[in-house]
Amino acid sequence: MAFEKQSSKKLKSLQSVFFAIALIGLFLLCFLAGVVLYGMTHGKDATMLTVIPALLFPTVILPLFFVFQIRKEIKKRKQQSQ
């Protein structure tokens with residue numbers, strides 16, 4: 001990834017932003033799945049149960065991928081500075 005041009009402080013804040021996006025996506029995914037499951041118990045259609053994870057799962061996985069890449073870059077910088 002092209003994190004070499006960014007300062008360590010900016011990378012840490014960027015990591016926090018991506019982690020927050022992943023957490024919000026995860027909570028939204030769980031909430032919407034719960035709403036659909038609640039609707040299912042009351043006789044409504046359950047087609048959204050398969051659509052919700054397909055649409056929201058990338059909002060959880062992609063930011064986590066960036067978090068791990070940023071963490072790896074921060075650790076590499078820390079080892080180089082020692």
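Residues numbered from 1 in each chain as written. Predicted model: local features only at pLDDT ≥ 70, side-chain atom pairs only at ≥ 80, totals over all residues. Heavy atoms only, no water.

J.: Go over the overall build of the protein with me, naming the residues and quoting the values.
T.: When helices and strands are tallied, the protein shows two helices and zero strands. In terms of C-alpha radius of gyration, the protein reaches 18 Å, well past the compact-globule figure of 12 Å for 82 residues. Each of the three principal axes of the protein carries a C-alpha extent, and together these read 60 × 15 × 15 Å. Burial analysis of the protein (82 residues in total) assigns 22% to the buried set. For the protein, contacts bridging at least 24 residues in sequence account for 80% of all contacts bridging at least 6. Taken as a whole, the protein presents about 6,200 Å² of accessible surface, with 71% of it coming from carbon and sulfur. (Helix = DSSP H or I, 4+ residues; strand = E, 2+ residues; numbered from the N terminus. Rg over C-alpha atoms; globule rule 2.2 N^0.38 Å. Buried < 20%, exposed > 50% of the residue type's maximum accessible area, 1.4 Å probe, protein only. Contact = heavy atoms within 4.5 Å. Areas by Shrake-Rupley, 256 points an atom, 1.4 Å probe, with all protein chains shown as cover.)

J.: Can you tell me about helix 1 (residues 8-41), naming the residues and giving the values?
T.: Taking 1.5 Å of rise per residue, the 34 residues of helix 1 would be expected to cover 50 Å, and the 49 Å separating its terminal C-alpha atoms lies within 8% of that figure. Among the residues of helix 1, Leu11, Gln15, Ala22, Gly25, Leu29, Val36 and Gly39 are the ones counted as buried. Against helix 2 (48-81) lie the buried residues of helix 1. Of the residues flanking the end of helix 1, it is Gly43, one or two places downstream, whose phi is positive at about 85 degrees. (Expected span 1.5 Å × (residues − 1).)

J.: Give me the packing of helix 1 against helix 2: which residues, what numbers.
T.: When two helices pack together, their arrangement is captured by the angle between the axes and the distance separating the axes. Interhelical geometry of helix 1 versus helix 2 gives an angle of 160 degrees and a closest axis separation of 8 Å. By the criterion of interaxial angle, the relationship of helix 1 to helix 2 is roughly antiparallel. Crossing hand, helix 1 versus helix 2: left-handed. The residue inventory of the contact of helix 1 with helix 2, partitioned by class, reads 26 nonpolar, four polar and four charged. (Axes fitted to C-alpha atoms, helices over the stretch in contact; angles between N-to-C directions. Parallel < 35°, antiparallel > 145°, perpendicular 65-115°, else oblique. Left-handed = near helix turned anticlockwise from the far one by under 90°. Nonpolar A, V, L, I, M, F, W, Y, C, P; charged D, E, K, R; others polar.)

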